[in-house]
Amino acid sequence: MASQKFAGAVREAASVALVALLLAIPLVGFRLVDGLRGLTIDTRFDWVAWGVSAVFLGRLAIALSGTTRRLLPDLKSVGAALSNLPGGLSRFAGGAMLIGALLLPIVPFADRYVVEIAITVLIYVMLGWGLNIVVGLAGLLDLGYVAFYAVGAYSYALLSINFGWSFWLCLPVAGLLAAAFGVMLGFPVLRLRGDYLAIVTLGFGEMIRIILLNWKDFSGGPNGISSIPRPDFFGFPFARTAEEGQTTFHQLFGLEFSPMHRIVFLYYLILILAMLTNLFTLRMRRLPLGRAWEALREDEIACRALGINPTMIKLSAFALGAMFGGFAGAFFATRQGFISPESFSFIESAVILAIVVLGGMGSQIGVVIAAAFLILVPEFLRDFSQYRMVLFGMAMVLIMLWRPQGLVSHRSPSARLGGHA
Amino acid sequence: MSLLTVEHLTIRFGGLVAIDDVSFAADDRRITAIIGPNGAGKTTVFNCLTGFYKPDVGRMCVAADGQEWLLERMEGFRIARDAGIARTFQNIRLFPKMTVLENLLVAQHKALQRASLFSLAGLVGAKSFRLAEQAAIARARSWLERCSLVHVADDEAGSLPYGAQRRLEIARAMCTGPRILCLDEPAAGLNPAESVELAALVRSIRDYEKIAVLLIEHDMSVVMEISDQIIVLDHGRKIAQGTPDEIRANPDVIRAYLGTDEEAAVSR
Ligand SMILES: Nc1ncnc2c1ncn2[C@@H]1O[C@H](COP(=O)(O)OP(=O)(O)O)[C@@H](O)[C@H]1O
Ligand SMILES: [Mg+2]
């Protein structure tokens, strides 16, 4: 019995070591050296040997002690407890987070850096919530969500620069334009599901980016658009000195000028926009359209048999999800003051999708936790410079092992027989 | 004129003629059973009626309230929504992650969507919408009671035992307020006690709702007991039609079933 277990452990360790060997030979075994006689290739097979032996012994130790098996169930039960939070508790957690978010700019340690990062997190929370409508509720795997973010950003940039429209006028227009693009994407993909849908949406996202990159007269091409008007406080600009006939924000309130004013304003602006997205989604879930989104995710054929028009349901999900992406894009443009196609690459779509999946498809609070995690962890890991992405990847792998269904997989019903949900 | 008239229905899949010139009619307050060996084309008839397949030849007409709907020209969801044909599936198709009650509310999409003014009134929480929602929940509750599912109303549909899922699918179909209810092997996989309960449910639907029931069923005891009219299909062709007594005595039917397990059941 014991010897059998040992043999199994050795076999397992050997197979893991083999994988390590195959990876290590090209990655570690060879090195380009910039020497006197140009580039030469140096080998370091001793490193490979050390690394592979370490992997073998480490894996053998783990297999023999059976730690993984003991460790994982523990983590799993924690996860289960987390996901089975009763509705009341998760509402409490949500409320606590909201209060924390409202107070953040006031707390003493919140310097410019902290608030700026919080703004970035909130942008991703909003994008995650927007995409959650499409992916989490309607179950339509969308890998090109960043396209709508781009449409929103360029809408604001171009409208405000060319026509001098204010942010508050541009915001709904940017949302509507993004929604129109959502419908445009929706039509050709109506018949597609799953992987096929993912591929086409991915292509759509890239198309928008490449058009922006190449249509120089319209979008400035790779140089992007700069000096986009910054937001003002309902007509009162955040500036040190007022232009003719204008009152600045700090004059209005009799404050000392501080660049923080604008940043805090931006912070609350994105907080409000994100909360609007959240409230909208929570509300929609209890309306027939929102329920139809979820039903569509569960079984499209059954929807059809119940007299629900899948076309309308899908298009509405694409349009509304895209609309919030457009809002977020307009905010992004006014915050940055500069946009270029680089900000809207595929990796952004991937991060937003990762936020939704990691958070637990369809979970609003999961999106917040996942967005905070995905934005903050790389930020904190800056000190580890070159290992940053390795650690980040490891963290993702561990989470997916631990909670394959996402951080918060609890789904609260949209109606209850006894009374209100 | 009958509520549902099917004439010369024919559909081919490649070389296979799955349904070959089948005609029949069904009336409200009647149970019309469709029986036949496996692969006879029963489910395909339902798929044509509900718009999942487009027949190659034939006319399918629903006539009610002074209106007529030609099903072969309509999209599937319109058949369910406008002509009022609801169905269940041979391999149950619920919304498994949604609760039992939510399943029944999705079925009332048409009325609720209209009451919510395509979400606008719903978003602002208008009173008219809340009333409509309460009405929808009340309707769902009454069907849950009739299908003895009230105690699991807030459970995930996918977590229910098999028999309860079958009943829920019927309740969901009924919540659409159909004129015609198509049940595809509702007793498959049920134990004898559950089969009896199910037969009682189907009969009560016939007796108390003004709808036509089309029933595909292999359990001959259920079919013979509750059907008003039986249509027998074999290799896509209609080989017999009549009351249970007529079907039991029909030599063609006995021949079609000869050599299969169901022979004994039919002649019983
Ligand atoms: N979509 C399809 N494509 C090809 N053949 C089909 C299709 N649907 C049904 N058939 C064939 O039609 C015949 C009738 O099937 P069906 O209606 O499911 O039989 P049953 O009477 O058992 O419900 C079978 O031979 C089946 O293989
Ligand atoms: Mg069948």
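About the cut-offs
For every chain, the first residue of the written sequence is number 1, and numbering continues from 1 along that sequence. Lettering for chains starts from A, numbering for ligands starts from 1, and both go in the order in which the items are written. Reporting of local features is limited, given that this is a predicted model, to residues whose pLDDT is at least 70; pairs of side-chain atoms are given and counted only at 80 or more, and all residues count toward the totals for whole chains, interfaces and linings. The side-chain figures draw on all heavy atoms in the structure; neither hydrogens nor water molecules are used. Here a helix means four or more residues in a row that DSSP labels H or I, a strand means two or more in a row labelled E, and each is numbered from the N terminus. Accessibility here uses a 1.4 Å probe with only protein chains present; expressed as a share of the type maximum, an area under 20% marks a residue as buried, one over 50% as exposed, and anything in between as partly exposed. Working rule for contacts: check all heavy atoms of both residues, and any pair within 4.5 Å makes them a contact. Computed by Shrake-Rupley with a 1.4 Å probe, the accessible areas treat only the displayed protein chains as cover when residues are assessed. Lys and Arg are tallied as positive, Asp and Glu as negative. Neither His nor the chain termini are counted. We put the charge of a Lys on NZ, of an Arg on CZ, of an Asp on CG and of a Glu on CD. Because no water is among the atoms considered, metal sites can look incomplete, with donors defined as N, O and S atoms within 2.8 Å of the metal, or 3.2 Å for Na, K and Ca. As used throughout, domain bounds are those supplied by an automatic or database domain assignment. Exposure above 30% relative accessible area and no salt bridge define the residues that can form patches, which grow by joining like charges within 9 Å and nonpolar side chains of Val, Leu, Ile, Met, Phe, Trp and Tyr within 5 Å. By definition, a salt bridge exists where a carboxyl oxygen of Asp or Glu is found within 4 Å of a side-chain nitrogen of Lys or Arg. Polar contact is defined as a pair of N or O atoms within 3.5 Å, subject to the rule that within protein one atom must be able to donate a hydrogen and the other to accept it, and that residues adjacent in sequence are counted only when both atoms are side-chain atoms. Gly counts as polar in this scheme, as do all residues outside two lists: the nonpolar Ala, Val, Leu, Ile, Met, Phe, Trp, Tyr, Cys and Pro, and the charged Asp, Glu, Lys and Arg.

## Comments concerning the overall build of chain A
The number of helices and strands found in chain A is 17 helices and four strands. By principal-axis analysis of the C-alpha atoms, chain A measures approximately 85 × 75 × 45 Å. Per-residue burial for chain A yields a buried fraction of 45% across its 421 residues. Of all intrachain contacts in chain A linking residues separated by at least 6 positions in sequence, the fraction that spans at least 24 positions is 72%. Only carbon and sulfur atoms are counted for the fraction: they give 69% of the accessible area of chain A, which is about 21,200 Å². Each charge class in chain A can be summarised by its mean position, and for the 31 positive and 23 negative side chains these summaries are 10 Å apart.

## Observations concerning the coordination of the magnesium ion (ligand 2)
Residues and elements named next belong to chain B. Protein ligation of the magnesium ion (ligand 2) involves T43 (OG1) and Q90 (OE1), the donor distances falling in the range 2.0 to 2.2 Å. Of this pair, T43 sits in helix α1 (residues 42–49) while Q90 is found in the loop between β6 (85–87) and α3 (100–107), placing the two residues 47 residues apart along the sequence. With relative accessibility at 23%, the residue T43 sits in the partly exposed group.

## Brief notes about the domain arrangement of chain A
The figure often quoted for interface size is the accessible area lost as the parts come together. For chain A, the assigned domains are domain 1 (2–65) and domain 2 (87–402). Each of domain 1 of chain A and domain 2 of chain A has a C-alpha centre, and the two are 42 Å apart.

## Observations concerning a positive patch on the surface
A cluster of basic side chains, namely R91(A), R283(A), R286(A), K127(B) and R130(B), defines a positive patch on the protein surface. If you trace the backbone, R283(A) turns up in helix α11 (residues 260–285).

## Looking at the domain arrangement of chain B
Residue and element names in this part refer to chain B. Under the domain assignment, chain B is made up of domain 1 (1–84 + 178–268) and domain 2 (94–177). Here the C-alpha centroids of domain 1 and domain 2 sit 27 Å apart. Counting every contact that joins domain 1 to domain 2 gives two salt bridges. For the interface between domain 1 and domain 2, the tally reads four residue pairs in polar contact (both at pLDDT 80 or more). Of all elements in the fold, only β7 (180–184) and α8 (192–208) reach the threshold of two or more residues within the side of domain 1 that touches domain 2. Top contributing element to the side of domain 1 that touches domain 2 by residue count: α8, with seven residues. In terms of residue class, the side of domain 1 that touches domain 2 is made up of 11 nonpolar, two polar and seven charged.

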